Amino acid sequence: MEKRLINKSKFLSLVLRHRPEAIDIALDENGWVSIDVLLQALASSGTPINSDELKQIVRENNKKRFTISEDGARIRAAQGHSIDVDPKLQPVEPPSVLYHGTVAEFVPSIRQEGLRRRSRQFVHLSADKETARAVGMRRGRPIVLRVDAGSMNAGEHAFFLSENGVWLTEHVPARFIVFP
Ligand code: HQG
């Protein structure tokens, strides 16, 4: 995707995950907004995205970050929200092992309190090490932690799978983490 569209895609993430008020829109309780309303609001705030650009962003975004509703009228971010929306995901059984990418400076605190969701709604985990490595790399030299999701799920911890394949859970206590 060309740089111009990547920038528009990033702005869309900001609006649909963190700051809808930046363009004066409201998301419904499940994170959806009408595409007509969204495009209108983007235009009015001087950050226009036209309908073809939006389709291309949804289709080609490298992590499939956005979902269009079945009737084609609404859009939402698949995961990553910091605002209080309920994506109404059903709990699903996770693979026995999931991975989380982070950096060394966070490890002492993670050893103490486990993985916390921080500003997001959930802790983000992936089924493959490569994705976790890439997530950690955003912050520096990546450290990949192994999470014993099978044992967590056998206990009382629910797991959810976002529309774009990210594994989500509310908290990973340190005893379920294998540190490298
Ligand atoms: C760390 C991107 C200290 C955690 C990525 C992470 C992902 C702790 C940071 C998605 C901690 C939170 C999410 C503790 C967790 N003490 N540090 N107890 N518990 N941390 O960005 O997982 O491009 O909220 O290791 O690709 O890095 O936005 O989470 O480093 O899928 O679509 O606190 O964001 O996707 O950072 O990334 P984040 P994340 P998008």
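Treat the numbers as computed from the prediction; the structure is a model and nothing was measured.

The rules behind these values
- Residues numbered from 1 in each chain as written.
- Predicted model: local features only at pLDDT ≥ 70, side-chain atom pairs only at ≥ 80, totals over all residues.
- Heavy atoms only, no water.
- Core = buried A, V, L, I, M, F, W, Y, C linked by side-chain atoms within 4.5 Å.
- Buried < 20%, exposed > 50% of the residue type's maximum accessible area, 1.4 Å probe, protein only.
- Helix = DSSP H or I, 4+ residues; strand = E, 2+ residues; numbered from the N terminus.
- Contact = heavy atoms within 4.5 Å.
- Pairing = 2+ DSSP bridges.
- 1 Å grid on protein atoms, 1.4 Å probe; cavity = no way out; pocket = protein on both sides within 12 Å on 5 of 7 lines; lining within 4 Å.
- Points joined across faces, edges and corners; volume = space filled by probe spheres on them.
- Nonpolar A, V, L, I, M, F, W, Y, C, P; charged D, E, K, R; others polar.

A closer look at the nonpolar core
For step 1, the next point in the chain: Core analysis: the largest hydrophobic core is formed by 21 residues, its most contacted members being Leu-12, Leu-16, Ile-25, Leu-38, Leu-54 and Ile-75.
For step 2, the next point in the chain: Mapped by element, the contributors of at least two residues to this core are α1 (3-18), α2 (35-44), α3 (51-60) and β3 (74-77).
For step 3, the next point in the chain: The contacts of Leu-38, once residues within four sequence positions are left out, are Leu-12, Val-15, Leu-16, Ile-23, Ile-25, Val-33, Leu-54 and Ile-75.
For step 4, the next point in the chain: With 17 residues, the next largest nonpolar core counts Leu-98, Val-107, Leu-145 and Met-152 among its residues.

What to know about the sheet that holds strand β1 (residues 33-34)
For step 1, the next point in the chain: The antiparallel open sheet is built from three strands, whose spatial order is β1-β3-β2. For this open sheet the edge positions go to β1 and β2 (66-68), each flanked by a neighbour on one side alone.

Section: the environment of Ile-57
For step 1, the next point in the chain: Topologically, Ile-57 is positioned in helix α3.
For step 2, the next point in the chain: Residue classification places Ile-57 among the buried residues on the basis of a relative accessible area of 0%.
For step 3, the next point in the chain: Separated by 45 residues in sequence, Ile-57 and Leu-12 place their C-alpha atoms 9.3 Å apart.
For step 4, the next point in the chain: The residues touching Ile-57, leaving out its near neighbours within four places in the chain, are Met-1, Leu-5, Lys-8, Ser-9, Leu-12, Ile-49 and Phe-66.

Considering the layout of surface pockets
Leftover empty space is mapped by rolling, across the atoms, a probe with the size of a water molecule.
For step 1, the next point in the chain: Size it by volume and the largest pocket reaches roughly 1200 Å³.
For step 2, the next point in the chain: Forming the walls of the largest pocket are 46 residues, and the residues nearest its centre are Arg-120, His-124, Val-135, Arg-138 and Arg-139.
For step 3, the next point in the chain: Looking at the lining of the largest pocket, the elements with two or more residues in it are α1, β4 (98-103), α4 (107-113), β5 (123-125) and α5 (129-137).
For step 4, the next point in the chain: A per-element tally of the lining of the largest pocket places α1 first, with six residues.
For step 5, the next point in the chain: Looking at the lining of the largest pocket residue by residue, the classes come out as 16 nonpolar, 17 polar and 13 charged.

Function cannot be inferred from these measures alone, as they are strictly geometric.
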